[in-house]
Amino acid sequence: KRDSLEVKDIISTVFLLKLVHALIASVVLVSICYFIPSYEKYLTIVLCLSFIYLTSALDMGHVLQGTQKMYLLSAFSVTAKAFSLLLIISLVNDPSDAILYAMISFGANALISILSAGYSIKTFGITFGIKAANFKRHLIKAVPLGISAVLVFFSDSVDLFWVERLMSAEDVINDRFT
């Protein structure tokens, strides 16, 4: 009983830390778009990247792997990707549907994350009212990981901004930099 409570506490803490890191990274990037006028035109792209990052924070595949429930993770993945493929085949008709295609593609990974989180929360009874002392202890230990997550997310986004500085935004959007 004590071990299951400890595992539940660890899963809850890690889950919340991932969400906190994702929120911080997303807020930093969105803030850059608002406070640096030349980057305002990238808000849509930054919001898409933030959506991907936030939904990956929901992913609890590591819990399913650790509890040897890989078959569930595989089932979630196959189901979401098959549904995504059906949507793409039925809704995407030509290059003008690029945004729809991207949304469906992002949505497949988001669905996998939501399904794995939902199953893990239901099965393991993950709580969101964790002890402040435990959260603080794990948060302090996770600060380097959080900083690296923010920096990686920021550097990936800066690549796009850097390319735009070399050319116009229209060239970047129309893939004219190859």
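Just above sits the structure.
All of the points below concern the structure found in this document.

Reading the values: rules and limits
- Residues numbered from 1 in each chain as written.
- Predicted model: local features only at pLDDT ≥ 70, side-chain atom pairs only at ≥ 80, totals over all residues.
- Heavy atoms only, no water.
- Helix = DSSP H or I, 4+ residues; strand = E, 2+ residues; numbered from the N terminus.
- Buried < 20%, exposed > 50% of the residue type's maximum accessible area, 1.4 Å probe, protein only.
- Areas by Shrake-Rupley, 256 points an atom, 1.4 Å probe, with all protein chains shown as cover.
- Patch = residues over 30% accessible without salt bridge, like charges linked within 9 Å, V, L, I, M, F, W, Y side chains within 5 Å.
- Salt bridge = Lys/Arg side-chain N within 4 Å of Asp/Glu carboxyl O.
- Axes fitted to C-alpha atoms, helices over the stretch in contact; angles between N-to-C directions.
- Parallel < 35°, antiparallel > 145°, perpendicular 65-115°, else oblique.
- Left-handed = near helix turned anticlockwise from the far one by under 90°.
- Contact = heavy atoms within 4.5 Å.
- Core = buried A, V, L, I, M, F, W, Y, C linked by side-chain atoms within 4.5 Å.

1. Some words on the overall build of the chain
Secondary structure assignment for the chain yields seven helices and zero strands. Ordering the α and β elements of the chain from the N terminus gives α-α-α-α-α-α-α. Scored against the burial criterion, the 178 residues of the chain give a buried share of 32%. About 11,200 Å² of surface is accessible on the chain, with carbon and sulfur atoms providing 69% of the total.

2. Brief notes about the environment of Leu17
In this structure, Leu17 sits in helix α1 (residues 2-35). Measuring from C-alpha to C-alpha, the distance between Leu17 and Val143 comes to 9.5 Å, with 126 residues separating the pair along the chain.

3. Remarks on a nonpolar patch on the surface
Side chains of Tyr34, Phe35 and Ile36 sit close together on the surface and give an oily, nonpolar patch of about 370 Å² of accessible area. Here Ile36 is to be found in the loop between α1 and α2 (43-58). Its relative accessible area of 34% is what places Ile36 among the partly exposed residues.

4. Focus: the environment of Gly107
Structurally, Gly107 can be placed in helix α5 (residues 98-124). Here Gly107 falls in the partly exposed class, since its relative accessible area comes to 26%. Taking the C-alpha atoms as reference, Gly107 lies 7.6 Å from Ser84; in sequence the two are 23 residues apart.

5. Regarding the packing of helix α4 (residues 70-91) against α5
Contact pair α4 / α5: the axes reach a minimum separation of 9 Å and the direction vectors enclose 155 degrees. By the angle between their axes, α4 is roughly antiparallel relative to α5. Taken as a pair, α4 and α5 cross one another with a handedness that is right-handed. Residues Leu72, Leu73, Phe76, Ser77, Ala80, Lys81, Ser84, Leu87, Ile88 and Leu91 of α4 pack against Leu100, Tyr101, Ile104, Ser105, Ala108, Asn109, Leu111, Ile112, Leu115, Ser116 and Tyr119 of α5.

6. Observations concerning the nonpolar core
In this structure, Leu29, Val30, Ile32, Cys33, Tyr39, Tyr42, Leu43 and Val46 together form the largest nonpolar core, which totals eight residues. Residue assignment for this core shows that the elements contributing at least two residues are α1 and α2. No other element matches α1, which puts four residues into this core.

By themselves, these are just geometric observations and shouldn't be taken as functional.
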